[in-house]
Structure formats: C-alpha cells, structure tokens
Amino acid sequence: MRAFGNPRLVFTMAMSVLAFLYAPILVMMIFSFNDSTYTGLPFNGFTLHWYRELFSDQQMLFSIWNSIYVAIGVVIISATFGVPAAIALDRFEFPGKGVFRRIVMLPIVLPGIITGVALLGFYLTIHFRLSLHTIMLGQGTGLMCVTITEVFARLQQLGRSQTEAAVNLGANEWEVFRHVTLPGIRSALFGAMLIVFSVSFDEIAVTFLLTGRENTLPMTLWSLLRREVTPEVNAVASLVVVMSIILIVCGMYASRRQETSAGES
Amino acid sequence: MTSSAYVAGQGQAGARSARRLERRRLLFWLLPPVAWFTVFMLIPYGMLLYTSLGHVDDMRFIPGFSFDNFIRVFTVDPYLGVIIKSARIGVMTAILSAIVAYPLAFYIAFHVRSARAKFLLYLLVIVPWWASYLVKAYAWKTILGSGGILNATLQGIGLTDGPVRLFLYNEFSVVLTLTYIFTPFAVLSIYAQLERIPTSLIEAARNLGADGWTIFRRIILPISVPGMVAGAIITFSLAFGDFVAPVLVGGPDSVMISNVVINLLGVAFDWPMAAAIGVVIIALGLLLISASGWLEEKTQTRF
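About the criteria used
- Residues numbered from 1 in each chain as written.
- Chains lettered and ligands numbered in written order.
- Predicted model: local features only at pLDDT ≥ 70, side-chain atom pairs only at ≥ 80, totals over all residues.
- Helix = DSSP H or I, 4+ residues; strand = E, 2+ residues; numbered from the N terminus.
- Buried ≥ 20, exposed ≤ 12 C-beta atoms within 10 Å, placed from the backbone.
- Contact = placed C-beta atoms within 7 Å.
- Rg over C-alpha atoms; globule rule 2.2 N^0.38 Å.
- Nonpolar A, V, L, I, M, F, W, Y, C, P; charged D, E, K, R; others polar.
- Core = buried A, V, L, I, M, F, W, Y, C linked by C-beta atoms within 7 Å.
- Domains from an automatic or database assignment.
- Axes fitted to C-alpha atoms, helices over the stretch in contact; angles between N-to-C directions.
- Left-handed = near helix turned anticlockwise from the far one by under 90°.
- Parallel < 35°, antiparallel > 145°, perpendicular 65-115°, else oblique.
- pLDDT = per-residue confidence, 0-100.

(A) The overall build of chain A, seen in detail. Each helix and strand counted, chain A has 11 helices and zero strands in total. Looking at chain A as a whole, 45% of its 265 residues qualify as buried. Across chain A, the fraction of contacts at a sequence separation of at least 24, relative to all contacts at a separation of at least 6, is 80%.

Laid out in structure tokens, this is it:
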C-alpha cells in the first residue's frame, strides 16, 4: 500500500492548502457581483453591473485582445526556436554546450525587469518603435526556456534509438523531425505551449518596460489598480479565471487523449 | 552514441563524411536558436554592460570606462541593502511556499488512488496559478486591509476591538502574497518528485517495521529534496524580481530591487546605474543556475 500516515490528518492539511489557494479567488469572484463601488464588506446585494461595465469598456476589451495576440506570438516564437534548441541539446555534443545551456536558462532566474531593461536599451539604440511586437520578442526570449526544458525532458525520456534508426535508413533531418521527433514530443510541446500562453497572458515585468501605445490586459489592470479601483477589475479577473479553466480543461483532455491514442497505436 | 560511430567500419573517408553530415545536422538545429539568443539576449546584455560603464550628465548619456556605478551598487545606500532585502523576501517566499505546498503534494502523490481524482486535483492546483497575478495580489489587499474581511471577521467574533493594521502594508503582507502566488508552482514541482517514488520502497520500509513518521522522515523527505530545491530556485527568482506586490500590498519601506530599477529609469533617468544593477543581477543569476545544477545533481536519487 502506497498511503501512509494518518489519512484524516493528511486530508485535512491538504484541504486547508486548497482552501488557502482558493479563498482569494472566491473573494474576488464574490465581490465582482457586489452592488458597491468599493471592493470590501459589506456585501450590498447581487448585481451584474460590473460585467455590463466591462463589456462596454472598449479599452479593456481591446487590451484582452492585445494580450491574446501577444501570447499567440510568444507561443509561436518559443516553439519555433525552442524546439530546435532542445533537439540540439539532446542529440548532439558541441563545444560551448554548457554555456549555451546556461544562457538559455538565464531568463528563468532573472527578474523580468532586467530582461526588459536590456531589451529596451537595445530597441532604443536601433530605433525600434515600441509596440505589441516588441513585447512579443521580449517575452518570447524570456519564455523560450519553458519550451526548451519541457521538450528536452521528453526527448531524454524517448531515447535516441528511433532517431538513429531513421538517420541510418537515410532519412533527412526534416523527415526525422516530421516522422520521429514530432510525434514523440507532441504532448510535451503542447503542455509547454499552454504554460507559455498563460505566463505570457499574465506577464507584467517585461511588458511594463517594452509596451508602446497599446496595452495588454495586465497593463490596463495595473493602471486601474493604481488609480481608482472599481469592482470591474474583479469582473475581468473572474472572467479570465473562467476562460482559463475552460482552456486548461480542454487542453488537458486533448493532450491526454493524444497520449492514450499514441500509446495504443 | 552518435550516428558516425555506426559507419566507422567503412573506413576513414566514410567516417569523415559521416562526421561532416553530423555537423550539418547539428547546425540545422543549433543555428536558429543561437541566432535568436545572440540578437535578443547577448547583444542587449553587452549593451547593458557598455551602458553601465558610462554615466549620465545633464540627462545625456556619456560613454566611458569606469566602474563607479558598480562601486556605488555595493557601497551607496540603498542599492546593496535593497538587493539583500529582495533576496531575503525571495528566500522566505521560497521556503514558505515549499512548506505550504508540501501537504497537498503529499496527499495527491500518496493518498489519492484513482487516476481521475489525481487529475482533478492537479487541475485544481493549476487553476489558481492561471488567475490574474495582479488581481490575486489585489485580493489579498481586500482580505488583509483595515476594512477587510479578516478584520471584519476578527471584530465580528469579538477577538479585537478595532481594525488591526498590522496585516497590511509591510514585509509580512508582501511575503504572504508572494507565497500565495507561488504555492501552486511549488505543489507541482514537489508532486512531480514524490510521484516518482516507487511504492515498493514504502512497502519495504513498512515490512521492516518502520512507522509512518519514520518512513516520512527517513525516506520520503530526503527523496523530495530535489523537487523542493528545483521549485524553490524558481520561486526565489520570481519573488526576488517581483515589483507588483511591494507596490500593491507593501509599505513605504518594502521597495524591492525591481522597483529601484524602474525608479532609476523613469524618475532619476540614471540608465547607467540601472544597467550596473542589471549586470550585477545577471552575474548572480548565472551563479544561481550553476549552483542549482550542482545541487540537483548532488541531491537527486536514482531508482
């Protein structure tokens, strides 16, 4: 038997942790329906006013769209350049591999502000106008390590025998990738894309420095939270949570189905 | 083993052409990411270093070659102090979120039997991670504030007479908020490690007469260290560089290093100083990556 320890104690402790994780989110959701211009007690009554406000707030809706646009770009960048990096790290020995690995991992431990400052200086020097695309490039650089680590871990699990067999049978690099590597890493890549999307959607430090005239959702929320706070913020956040639950559940089920079907074939 | 080994029997010419082919395959994969990181990381970091060696005079950047800014980072208030304070908040956040996360990770890894329930709990851990970061920080403000839910409850049950102001706008609220935000991440990394522990290990210990506490202390806890370390390094880094929590729930004295950098850029317009802090933190980050690789190697258990 795997379970040990007092089951009731373990269960109680685990559930308290979950309660800790959900309490603020529930608070936020409850107050998004509160009929009061102030987020806090007392609860005056139920209203959908803040959701109506949200759906008529052009700037807010625009920034949600901007965030989605940036996140999709970041996912594409980090997959396009991250997967080759993971393959190179997994399959080949080359001089400077250790340095390459460290540089690739550096954005994980660096504060986003530092990445942002370095890129902002770079953009200003080459006179690159700040826009959603500058944010995309910055976040793409920062989040590439997520794709690299996830895909690299999967490649290590898969081992090299199939790849080597394909190479010896005369497959070119693209054929090896298309028919051997990609089917093997698909679910890991998909998981990494989900993580990258979610982090990018919520990213604030790099964005804070690299944003031009158009704002992403976190930037709009940030300016709202620093000025006058209305429960509209709660409404947006609740909506984002509900949307992400749908997205995660769909994504998880899709990748699980893929994994089971891959296992059967 | 590389594919060149397979054709070594065909003689030297074959081996050489195989090696050339192998190199072409390597470059095919390596060049795009190397180009990307050169343009968007190495060149910007190089420029950061260049900037940090100059100074600003009358709002204009004067290039130079002086280490004054670096000396200032380590000698002039508040820079070094703020870096140390950010590191302290980072360490506290990393430790606290590992402690808070452990019971839940433990429960999912050892006590939940059906795969479906495990999957559901896994989702329940991920969802708070996806909720907007800013709003989560803000939610703590509404919970801890003087008109907040915690104070209303305390007064309601008669524990306190007036609102307690100790909960908000200090280092405690910053650490609490950051711990809250990074706990889901800690749960996932500890869980990944615990899930790898084979059931036979626990059964063997039980057959040898170990009670639950001994199994936990002597087997499970040592094995879970790498997962905790891997998670803690990332939580530490994220908390160290945070600039949202200090503004939303922190007090006047809880500025962290990212806030200082932003102020240097926006208010003081001292790019070289901001760049010098950036260079110092990049160096610390490289150290941390090397240290973490070494630590994980040291603590990892192979089954």
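Once you've had a look at it, read on.
(B) Spatial organisation of the overall build of chain B. What chain B contains, in helices and strands, is 12 helices and two strands. The order of α-helices and β-strands along chain B, N terminus first, is α-β-β-α-α-α-α-α-α-α-α-α-α-α. Against the globule reference of 19 Å for 303 residues, chain B gives a C-alpha radius of gyration of 26 Å, more extended than a compact globule. Based on the C-alpha atoms only, the size of chain B along its principal axes is roughly 90 × 75 × 30 Å.

(C) The interface of chain B and chain A, seen in detail. Counting residues at the interface gives 77 residues for chain B, matched by 71 residues for chain A. Ranked by the residues each element gives to the side of chain B that touches chain A, the list is headed by helix α1 (residues 12–52) of chain B, at 17 residues. Looking at the side of chain B that touches chain A residue by residue, the class counts come to 60 nonpolar, 15 polar and two charged.

(D) Layout of the nonpolar core. Counting 163 residues, the largest nonpolar core has Val117 and Val151 of chain A together with Ala101, Ala105 and Val261 of chain B as its most contacted members. Ranked by residues supplied to this core, first place goes to helix α3 (residues 79–111) of chain B with 16 residues. Structurally, this core is a two-domain feature, drawing no fewer than three residues from each of domain 1 (3–52) and domain 2 (77–299) of chain B. Discounting residues that sit within four places of it in the chain, alanine 105 of chain B has contacts with Val187, Ile190, Tyr191 and Leu194 of chain B.

(E) The arrangement of the domain arrangement of chain B in detail. Residues and elements named next belong to chain B. Splitting chain B by domain gives domain 1 (3–52) and domain 2 (77–299). Taking only C-alpha atoms, the centre of domain 1 and the centre of domain 2 are 38 Å apart. Opposite the five residues of domain 1 that make contact, domain 2 presents seven residues. Taken together, the residues of the side of domain 1 that touches domain 2 sort by class into three nonpolar, two polar and no charged.

(F) Fine view of the packing of helix α4 (residues 115–130) of chain B against helix α7 (residues 171–195) of chain B. All names here are of chain B. Direction vectors running N to C along α4 and α7 enclose 145 degrees, while the axes themselves pass 8 Å from each other. Taken as a pair, α4 and α7 cross one another with a handedness that is left-handed. Along the contact surface, α4 presents Val125, Ile126, Pro128 and Trp129, while α7 presents Pro184, Phe185, Val187 and Leu188.

(G) Examining the environment of glycine 250 of chain B more closely. All names here are of chain B. One can find glycine 250 in the loop between α10 (244–248) and α11 (257–266). Residue glycine 250 is classed as buried on the basis of its C-beta count, with 26 C-beta atoms lying within 10 Å. Sequence spacing of glycine 250 and glycine 158 is 92 residues, and the spatial spacing of their C-alpha atoms is 27 Å. Not counting residues up to four positions away in its chain, the partners in contact with glycine 250 are Tyr169, Ser173, Val174 and Ala245.

(H) Up close: the packing of helix α5 (residues 133–144) of chain B against α7 of chain B. Residue and element names in this part refer to chain B. Put simply, α5 and α7 touch, their axes get as near as 10 Å, and they point 135 degrees apart. With respect to α7, the axis of α5 lies oblique. The hand of the α5/α7 crossing is right-handed. Contact residues: α5 offers Tyr133, Lys136, Ala137, Trp140 and Leu144, while α7 offers Ser173, Leu176, Thr177, Tyr180 and Ile181.

(I) Structural view of the confidence of the model for chain B. All names here are of chain B. In this model, chain B carries a mean pLDDT of 87, and residues with pLDDT of at least 70 account for 96%. Put simply, helix α6 (residues 149–156) is where chain B has its lowest mean pLDDT, 80, and α3 is where it has its highest, 94. Predicted confidence is poor over residues 1–8, with pLDDT under 50, and the contacts of this stretch with residues over four places away or in other chains come to 15 contacts. Both scores are given for the predicted complex: the pTM is 0.88, the ipTM 0.87.

(J) Structural view of the environment of alanine 101 of chain B. With respect to the element layout, alanine 101 of chain B can be found in helix α3. Its 28 C-beta neighbours within 10 Å are what place alanine 101 of chain B among the buried residues. Sequence separation between alanine 101 of chain B and serine 189 of chain B is 88 residues; the distance between their C-alpha atoms is 9.5 Å. Residues in contact with alanine 101 of chain B, not counting those within four places in the same chain, are Val17 of chain A together with Thr183, Ala186, Val187 and Ile190 of chain B.

(K) Structural view of the environment of serine 56 of chain A. All names here are of chain A. Looking at where serine 56 falls in the secondary structure, it is placed in the loop between α2 (49–55) and α3 (58–91). With 9 C-beta atoms counted inside 10 Å, the residue serine 56 sits in the exposed group. With 188 residues separating them along the chain, serine 56 and serine 244 place their C-alpha atoms 22 Å apart.

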